[in-house]
Structure formats: C-alpha cells, structure tokens
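This is what each chain is made of:
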Amino acid sequence: MRAAFSEALVRLAKADSNVLLLTGDHGYALFDDFRRECPAQYINAGIAEQNMVGMAAGLARAGFRPFVYGLSAFIPVRVVEQIKLDVAHDKLPVVFIGDGAGFVYSHLGTSHQSTEDIACTRAIPDLSVYSPADRFEVTACMNMAYQAKAPVYLRMGKSDRGDVHVAAPQVKIGRLLEVTPGKAGDITFIASGAFVRTAMNIAAGSYPDAAVWSAPFIKPINSKHVASICEKSRVVVVLEEHSVLGGLGSAIAEIASEFAPVRILRVGVRDRFSHRCGTYEYLLQEHGLDRPAIEQRIRDFLTAN
Amino acid sequence: MISQTKTFDTKALRKTVLDMAYAGSTVHIGCAFSIIELLAVLYRNHLRYPENDPHAAGRDYFVLSKGHGVMAQYACMRELGWLKDEAFSHYFADGSDLKGLSDSRVPGLETTSGSLGHGFSVGVGLAMGAKLRGTDQKTYALVGDGELNEGPIWEGALFAAHHDLKNFMVIVDENGYQAMGRTADVIKLGSIQAKFESFGFDALTVDGHDETAIDSAITQHWKSNSQAPKALIARTVKGKGVPFMEHNNIWHYTRLDHETYAQALSAVAGSVQ
C-alpha cells in the first residue's frame, strides 16, 4: 500500500513538474524514490505544519500542485484551520496525505493516534476525503486526487493487511466498491481503510450471505448508491478505525435516515482516547475493535430487535 | 464610475476609508489608518500588475496578512479601478462582496485573513513558487505587530531564511497595539528588527508614515545583493491622520456616528504630511 503510494507520487511528479511534495519532516524511507527521481520537487518544510500548509496554498496559487504529507494526527488535525481558510476556501489543488491514521502508532500514545481526522475534515466545504483500503485503492485515490484539481484529504491507515480487491477495480468518485457479493435482504458490511479486511473476515467466517463494500470516498459520497445498498439490506454494519462520531458510519447513517431507513450498527472508536499502549492488535482489543468483540456486538445487534 | 487617478494620495485614501466605514458602520478604522502610507508607496512605486490586471500571471504578490486593515487596501484598489464606487457606498450592504476582513475571492486580495498568522506563510509559498519558476516576481506580506504573537509566522521566517527567499519581504506594521491593549502589555515583542535579523532576515526600520523613507527602504532592500529575505519594520500610529483616533485603541472597535464622521473628515482634509 505504501509502495503504491510512493509509486503514484513519483509517477505523477515525473509527468508534471508542477507536482511538489511537501513533508513536515516525516517519511524517512518512504520518499527515497521520490528524492532520487524528483529531487527538485521535494521540500522538507521542517517540523512546522501550519506554515507548511500555508505555503502549500501559496505554491498552489502560483500554479504548483502540492502534495502535503504528514502523520494524520498532524495533517490534517493540527492544521484544520489552514486547510479550511488557506486552501479549501479557494478550492486550491492541494492534496493532503495523512499517514498512520487510526491506531498505527499503537505504542506511541494519543499524540500519534488519529481517530478524529475524518470528522475534522468532512465538514469543511469543497474538501474531499478519501480513505483507501489497499494498494489498488491507493493508486486510484492518488490519481483521482491529482485529477480533481481541488482540495483532497487522503487518509492512509494500517497498510499491511493485504489486498481487498483481486485486481484494480473500476472506480468512480463517490461510489462504494463491492469486495464481497451478498444476497439481498441479508447483512451488509460497509467499511473503509484497514477495516475492510476485518469486515471481509467476519463475513467470510460468520455471515456467508453478507455483502461487503469498501468506501474509499467518504466525501463526496454518492447518496443514491448508498441508499440503494441500504434498501437491499436487512441491517447495515459500518466498520472504521475512526471515531463513531463524524466518520463513515455517520455519513452512511445520515444518508440512510433520509433516503433508505435501515438499522445501522456503527462499529468504530467510541468517544474515548487510548488508555494504555501495546501492539496494534492489543489496542484494537482495548477499544473493543478486535474481531471477537466486533462479532459479539453484531450478534447483540441482530438479536436486539 | 471607476476612478483612474492612481495618485494614491493619502488624504484621499483616508477619506475613502472614512466614507466606507461610515457607510457600512464598520470597525477597524485604526487598523487601516496605520498602513495607509505603506500601501500608497507599495501600489504607487513597487507593485507590478501587468496590464493593471490583479490576476496577471507575472504580478508581484501583496498579501495583507493583517486582514483587519483591509479598508486601506480597498481604497488603493479603487484607485486602480479594480473596485467600483458602488462597492464603497454600499459597503456591508446585504449581498455585497467586500467583507470586513480580507477575502481572497476579491480580485487583488491574495489571501483570506482575519484569522492571523496565515498570510505570512501563504506569502512564503508564493515567494518559493517564484523562486522555483525562476521569475523576478516579488512577494510582500504585511503583518501587524500583534500578529507576531502567532507561531506560524516564525515557522515561515525560518523557512524563508533557510531557502534564501530574497524575493520575499515582510512588512511589519508596528503600531504598538493589538486588540486588548498595547503590545508591550499583552505580549512584549522587544526589538522586532533584532528578532527578524536573528532569524536570518535583512531588516530595516522606518517611520511608517514617511512615504519617502518607506520608498527608500524598500528600494534599498531590493537593491541589495543579499540572498536573505527582507523585513521592513514600519513604526506607525494606530488611527494615524485623525487626532482623536491616534494611539486610542477604542478605534479598533468603534463605529463612526454623524458627528465623529464629520470631525474625522475634517481632520483628514486638514492633515499635513
């Protein structure tokens, strides 16, 4: 997934000399290829994210195509106002890459964990929010972010959980991607990022007739498409490595409540910080997001009505 | 009717500010009056807009980072013919375009400000872009002294010096006041010139109401062979030009009534540079 990101960035930069990579002193080995292939297009802005985003706005106004890279806890969360005012307000073509979203930095604590970034960005007008699940979706999202010529936040979370698609899917902005076909009238899983894999595993093990959809586009999201999926579902389970407040689950619930009411279980980080540290798997357990805990919640949800 | 005088006469600019502030019943008059001479010199002698086009690709960039002074910039843009007289007589009318703080959707305003500490970084990005392109475009960012409280300015200063952005000039409107009082009482700044010098800027300090001195300092900066970014610290008076507004921070917030409007007009008409 990270290799796909690096490959896309280098490819876009080599094809368009206006593409610039700005990093807030992050991405040590990740940008080796970029620095070798496109050294003149690489800017380490230092540990100064606010200035970096303001500069990206200035560079975009001068005709450049900045990709601004940082950890998701900082890009976008630390710089929400710069994104809103300096970039989104003028629909400037700046792509923000927030790496390590969710609990990737499970040992480092709250400063490096990012489970509110989607909520922080979804409400900013004219800013798109992408959350790819595997290398195919990363490539597609990078291409679309470049082609959009508009502000995009691209969220990169846990990146080593393998492909969810068998080949590059046909991607259309705002539409969900089917990763496991299901039977109408059964459970539907909708997930983004690393939790698409979780949804696939749960469906394969316990709900063989359930459909699983990946949502690489949190915003814009195609309401009609979401509604059509909800209409065919007995219940919908949304999974994400993000707060249940303001993320994908919220977006699906907002659409369903208006166009296709259905019971929706939102699985994500409840309104809490991590208390302790440990492996990624440990931290999922602490938040009740390990597979057994999620399966129990689904069973409870299904029997609750 | 579009004005085409382009003299940037400071009495006329102040009158325009008073007229629009009275028409719109707006605040921030003192913030605009401290930068009148700075803007007059910049627009008259330095800023290059090919074909008088505020969007011209090869233009110099002027970023009003302290958006609270935007009425002074509107007054200059009126002289350039970029804004119509109706925009001034209808200032703050429902559905009008000119806001109380600078907004990049207005042709001629390069950034959206009012939230402070943004324009400086945008300016650094514009200057970096010009350097990468190899153009001779110059970028000016005008910040308030109170605005120097904002951290991103110092992040941007480090970056500008590290990258030898000799095409970038920050102009500090050192009027000694911020929203709640004197800068010396709120967050003391010490020597602004020394601060920018320590960050790697070439810095000069001038009387911010002496047009000849401002012009000379800007020219001196650009004539320098130094690779360093430039700082021009302009010692100014908040509310300059109207005695009852000068050094009186209440004119950060106060609206003109019929009487104070008439008094201010009279003071501006009689003021001598």
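Participant: For the overall build of chain A, give the residues involved together with the corresponding values.
Facilitator: Of regular secondary structure, chain A possesses 11 helices and 12 strands. Computed over the C-alpha atoms, the radius of gyration of chain A is 19 Å, within 12% of the 19 Å expected from 2.2 N^0.38 for a compact globule of 305 residues. Taking the principal axes of its C-alpha atoms as reference, chain A extends roughly 60 × 40 × 35 Å. Across the 305 residues in chain A, those meeting the buried criterion constitute 55%. Across chain A, the fraction of contacts at a sequence separation of at least 24, relative to all contacts at a separation of at least 6, is 74%.

Participant: With reference to specific residues and values, describe the overall build of chain B.
Facilitator: Summing up its helical and strand segments, chain B has 11 helices and 7 strands in all. Its C-alpha radius of gyration of 17 Å places chain B within 12% of the 19 Å reference for a compact globule of 273 residues. C-alpha extents for chain B along the principal axes are approximately 50 × 45 × 35 Å. Evaluated residue by residue, chain B yields a buried proportion of 51% over its 273 residues.

Participant: Which residues make up the nonpolar core, and what values go with them?
Facilitator: Core analysis: the biggest nonpolar cluster contains 185 residues, and Ala56, Val68 and Phe189 of chain A together with Val17 of chain B have the highest contact counts within it. In this structure, this core is formed jointly by two domains, domain 1 (2-155) and domain 2 (177-303) of chain A, each of which donates at least three residues. Aside from chain neighbours lying at most four places away, what touches alanine 56 of chain A is Leu22, Pro66, Val68, Val87 and Val94 of chain A together with Gly125 of chain B.

Participant: Got a sec to walk through unusual backbone geometry? Specific residues and values, please.
Facilitator: Residues and elements named next belong to chain A. The step from isoleucine 75 to proline 76 runs through a cis peptide bond, and the omega angle for that step is 25°. When you line up the elements, proline 76 lands in the loop between β3 (65-71) and α4 (80-87). At the junction of lysine 219 and proline 220, the peptide bond is cis and its omega measures out at -5° in the coordinates. Along the chain, proline 220 falls in the loop between β10 (217-219) and α8 (223-231). Unlike most non-glycine residues, lysine 91 shows phi in positive territory, near 50°. By the secondary structure assignment, lysine 91 is in the loop between α4 and β4 (95-99). Given 15 C-beta atoms within 10 Å, lysine 91 falls into the partly exposed group.

Participant: Let's hear about the environment of valine 212 of chain A: which residues, and what values?
Facilitator: All names here are of chain A. Among the secondary structure elements, valine 212 is positioned in strand β9 (residues 211-214). Counting along the chain gives 63 residues from valine 212 to lysine 149, while the straight-line C-alpha distance between them is 31 Å. Ignoring any residue separated from it by four or fewer positions in sequence, one finds valine 212 in contact with Val179, Thr180, Phe189, Ala199, Met200 and Ala203.

Participant: Describe the interface of chain A and chain B, naming the residues involved and giving the relevant values.
Facilitator: In this complex, chain A contributes 20 residues to the contact, which on the side of chain B involves 20 residues. Breaking the side of chain A that touches chain B down by element, the ones donating at least two residues are α3 (49-61) and α4 of chain A.

Participant: Please set out the pairing of β3 of chain A residue by residue, giving values where relevant.
Facilitator: Residue and element names in this part refer to chain A. With 7 of 7 residues buried, β3 lies mostly within the body of the structure. Two elements, strand β1 (residues 19-23) and β3, share 5 bridges in a ladder whose sense is parallel. What sits directly across from threonine 23, in β3, is tyrosine 69. In this structure, β3 lies alongside β4, joined through 5 bridges in parallel fashion. The residue of β4 that forms the bridge with leucine 71 is aspartate 99. Handedness of the crossover joining β3 and β4 through α4 is recorded here as right-handed.

Participant: Give me the sheet that holds strand β2 (residues 139-144) of chain B: which residues, what numbers.
Facilitator: Residue and element names in this part refer to chain B. Read across the open sheet, the 5 strands follow the order β1-β2-β3-β7-β6; overall the sheet is parallel. Of all the strands in the sheet, just β1 (61-64) and β6 (202-207) have a single pairing partner and so form its edges. On average, each strand axis in the sheet is tilted by 20° relative to the strand beside it, whichever way the strands run. Pairing analysis gives 6 bridges linking strand β3 (residues 168-174) to strand β7 (residues 230-235), with the strands arranged parallel. Paired with isoleucine 171 across the two strands is leucine 232, which belongs to β7. The strands touched by helix α6 (residues 119-133) within the sheet are β1, β2 and β3, with β2 carrying the most contacts at an inclination of about 170°.

Participant: How would you explain the sheet that holds β9 of chain A if you had to name every residue and give the values?
Facilitator: Residue and element names in this part refer to chain A. The strand order across the open sheet built from 5 strands is β7-β9-β8-β11-β12, with neighbouring strands paired in mixed fashion. The sheet is open, and its two borders are formed by β7 (177-180) and β12 (263-269), each paired with just one other strand. Recorded for the sheet is a direction-independent mean angle of 25° between the axes of neighbouring strands. For strand β8 (residues 187-191) and β9, the ladder comprises 4 bridges, and the chain directions are parallel. The residue bridging phenylalanine 189 from the neighbouring strand is valine 212, located in β9. Across the face of the sheet, helix α9 (residues 248-259) comes into contact with β8, β11 (235-243) and β12 while running at roughly 145° to β11.

Participant: Could you give an account of the domain arrangement of chain A, with specific residues and numbers?
Facilitator: Residue and element names in this part refer to chain A. For chain A, the assigned domains read domain 1 (2-155) and domain 2 (177-303). The centre of domain 1, based on its C-alpha atoms, is set 26 Å off from the matching centre of domain 2. Each partner contributes residues to the interface: domain 1 has 22 residues there, and domain 2 has 26 residues. At the level of secondary structure, the elements contributing two or more residues to the side of domain 1 that touches domain 2 comprise α5 (117-122), β5 (128-130) and α6 (135-148). By residue class, the composition of the side of domain 1 that touches domain 2 is 9 nonpolar, 9 polar and 4 charged.

Reading the values: rules and limits
- Just so you know, the residues in each chain are numbered from 1, in the order the chain's sequence is written.
- To label them, take the chains in the order written and letter them from A, then take the ligands in the order written and number them from 1.
- Local features are withheld for residues below a pLDDT of 70 in this predicted model, meaning they are given only at 70 or higher, and side-chain atom pairs are given and counted only at 80 or more; totals for whole chains, interfaces and linings count all residues.
- Comment: elements are numbered from the N terminus, with helices defined as DSSP H or I runs of at least four residues and strands as E runs of at least two.
- As a reference, a globule follows 2.2 Å times the number of residues to the power 0.38, and the radius of gyration itself is taken over C-alpha atoms.
- Using C-beta atoms placed from the backbone, we call a residue buried if 20 or more other C-beta atoms fall within 10 Å of its own, exposed if 12 or fewer do, and partly exposed for counts in between.
- This entry defines residue contacts through backbone-placed C-beta atoms, with two residues in contact when those atoms are within 7 Å.
- Remark: nonpolar core denotes a set of buried Ala, Val, Leu, Ile, Met, Phe, Trp, Tyr and Cys residues whose joining runs through C-beta atoms within 7 Å.
- Domain start and stop points were drawn from an automatic or database domain assignment.
- Two strands qualify as a pair provided that DSSP identifies no fewer than 2 bridges between them.
- Whether a crossover is right-handed comes down to one check: with the strands pointing away from the viewer, does the path from the first strand over the helix to the second run clockwise; if it does, it is right-handed.
- Lines fitted to C-alpha atoms define the axes, with helix axes restricted to the stretch in contact, and inter-axis angles between N-to-C directions lie between 0 and 180 degrees.
- Under the scheme applied here, ten amino acids are nonpolar (Ala, Val, Leu, Ile, Met, Phe, Trp, Tyr, Cys and Pro), four are charged (Asp, Glu, Lys and Arg), and all others, including Gly, are polar.

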